[in-house]
Amino acid sequence: MQPAATDSRASGADPEKATPRSRSGFLDFAHSHCLRRTEKTAERLAAARSDPTASAVHDLRVAARRLVYTLDCFSVLLDADRAADFRKRVKSLLSAARLVRELDVALELVSKLDSGLQHSIADDLRRRRDTAARLMSERLERKGVQKLTRRWLSTASGAAPEPAKETPEATKAGGRWYSHLPWMPEQSCAANASAVLPSLAADYFRQGRAACIEGTPPDELHAFRLASKRLRYCLELFSEQYGPSLATRLESLRDIQGRLGALSDYDSTIRLLDSAEAPSDSASLRLLTILSDGQGDATESFLKSWKRNLDTPNVEDDWKTYLTLPQE
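So, a few notes on the structure that sits alongside this text. Here the structure is a predicted model, which is why all the values come from computation and not from measurement.

### Regarding the environment of Ala 63
- Within the secondary structure, Ala 63 is located in helix H3 (residues 54-73).
- With relative accessibility at 5%, the residue Ala 63 sits in the buried group.
- Taking the C-alpha atoms as reference, Ala 63 lies 9.3 Å from Glu 39; in sequence the two are 24 residues apart.
- Apart from the residues within four sequence positions on either side, Ala 63 is in contact with Lys 40, Thr 41 and Arg 44.

Printed below as a string of structure tokens:
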């Protein structure tokens, strides 16, 4: 029989890594995740700057967003001023690459539509994409974000503050739930996961029930898409504590995120084609109609998936029970 402190879901994990017992242990856990995601972002940044292909720009945005969410997740464990400056630099990567990514998405969607009239539209999007990619590279150069790993190591060298004495209810009400998580530096990873992650899951399901109704505005659905990413990226940080069984739950979040991503792709493409710079001929108008229909289909697909998989009786309690690990 395994000791009570060892979660059978995390079979194969190193117990010493899975459940650090000292204050420095959990702080090292948080800082090591920040460092790894910083290194990945720096790697993606170098690739996007040398050859800004669609996949390179997408990978950069994914890595940068993961890093931002990790910084938010462990915010109370970091030096506030240094971490805020570092986070701002990482956010500038997302901002710089946003238009390029939106144009890549629009080009991909347009190329899939068999309208027979999209060639001039695609040509216009490609020209805009080339300009946006050049401006992105120039902006990244000006921002001085290339030496991200060195900047993080400098940020992490500051003394960590004591966690803020705030309740989950107060932080959620203030709209800064993920930036004020009540981590306990002196406790193990398992204890921290059990104290924080079930509440994050409950908050996610509440937000989902509010957003996943007919007629919800696109901006609220977009916010819920980001919430799905945020929860998934946070849970991934504790994959050693939960073991292989966590993959199924991560996949359910990834599915919701993907369906909402398709909806977001239609929305951003419609906005690009409907802008003053885009053509306004019959082909464009026809394409906008096709995209609008696709937007409606994507919304319906998302709502069906949510209701089938995550809006069933007791699913929230099941998640909270699963995320509560055995303690000594």
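### A few points about the packing of aromatic side chains
- Considering all chains together, one arrives at 17 aromatic pairs under this definition.
- Ring centres of Phe 26 and Phe 29 lie 5.6 Å apart, and the angle between their planes is 20°; this geometry places the pair in the stacked category. With a gap of three residues between them, Phe 26 and Phe 29 both fall in helix H2 (residues 23-50), about one helical turn apart. For the residue pair Phe 26 and Phe 29, the accessibility class agrees, reading buried in each case.
- Judged by centre distance (5.6 Å) and plane angle (45°), the ring pair of Phe 26 and Trp 183 falls under tilted. In this pair, Phe 26 is assigned in helix H2 and Trp 183 in the loop between helix H7 (168-173) and helix H8 (189-211), connecting sequence segments 157 residues apart. Take Phe 26 and Trp 183: they sit in the same class, and that class is buried.
- One aromatic cluster in this structure is built from Tyr 204, Phe 205, Phe 224, Phe 302, Trp 306 and Trp 319.
- One cation-aromatic arrangement involves Arg 230 over Tyr 69; the distance from NZ or CZ to the ring centre is 4.9 Å.
- Directly above the ring of Tyr 322 sits Arg 249, whose terminal nitrogen or CZ lies 4.2 Å from the centroid.

### Let's talk about helix H6 (residues 148-156)
- Of the residues making up H6, those classed as buried are Leu 148, Trp 152 and Thr 155. Take H6 and look down its axis: the buried residues cluster within an arc of 60°, on one side only.

### Focus: the layout of surface pockets
- The space that makes up the largest pocket amounts to roughly 920 Å³.
- Taken together, 33 residues line the largest pocket, and the ones lying closest to its centre are Arg 61, His 222, Arg 225, Lys 229 and Ser 264.
- Every element with two or more residues in the lining of the largest pocket is listed here: H3, helix H4 (80-112), helix H9 (218-237) and helix H11 (246-273).
- Taken together, the residues of the lining of the largest pocket sort by class into 10 nonpolar, nine polar and 14 charged.

### Focus: unusual backbone geometry
- At Asn 314, a residue that is not glycine, the phi angle is positive and equals roughly 70°.
- For Asn 314, a relative accessible area of 60% translates into the label exposed.

### Quick look at the pattern of salt bridges
- Counted according to the given criterion, the structure contains 24 salt bridges.
- Two residues, Asp 317 and Lys 320, come together in a salt bridge whose shortest N-O distance is 3.8 Å. Highlighted residues: Asp 317 and Lys 320, both in helix H13 (residues 315-323), separated by three residues, approximately one helical turn.
- One salt-bridge network, in which partners are shared between bridges, spans Arg 37, Arg 66, Arg 232 and Glu 236.

### Considerations on the packing of H9 against H11
- Viewed as axis vectors pointing N to C, H9 and H11 meet at an angle of 155°, and their least axial separation amounts to 9 Å. One element, H9, and the other, H11, form an angle in the roughly antiparallel class. Regarding H9 and H11, the two cross each other, and that crossing is left-handed. Each of Leu 221, His 222, Phe 224, Arg 225, Ser 228, Lys 229, Leu 231, Arg 232, Tyr 233, Leu 235 and Glu 236 in H9 lies in contact with H11, whose residues at this interface are Leu 246, Leu 250, Leu 253, Arg 254, Ile 256, Gln 257, Leu 260, Gly 261, Leu 263 and Ser 264.
- Taken together, the residues of the contact of H9 with H11 sort by class into 11 nonpolar, five polar and five charged.

Thresholds applied
- Residues numbered from 1 in each chain as written.
- Predicted model: local features only at pLDDT ≥ 70, side-chain atom pairs only at ≥ 80, totals over all residues.
- Heavy atoms only, no water.
- Helix = DSSP H or I, 4+ residues; strand = E, 2+ residues; numbered from the N terminus.
- Buried < 20%, exposed > 50% of the residue type's maximum accessible area, 1.4 Å probe, protein only.
- Contact = heavy atoms within 4.5 Å.
- Phe/Tyr/Trp six-rings, centres within 6.5 Å; stacked < 30°, edge-to-face > 60°.
- Lys NZ or Arg CZ within 6 Å of the ring centre and 35° of its normal.
- Arc of directions from axis to C-beta.
- 1 Å grid on protein atoms, 1.4 Å probe; cavity = no way out; pocket = protein on both sides within 12 Å on 5 of 7 lines; lining within 4 Å.
- Points joined across faces, edges and corners; volume = space filled by probe spheres on them.
- Nonpolar A, V, L, I, M, F, W, Y, C, P; charged D, E, K, R; others polar.
- Salt bridge = Lys/Arg side-chain N within 4 Å of Asp/Glu carboxyl O.
- Axes fitted to C-alpha atoms, helices over the stretch in contact; angles between N-to-C directions.
- Parallel < 35°, antiparallel > 145°, perpendicular 65-115°, else oblique.
- Left-handed = near helix turned anticlockwise from the far one by under 90°.

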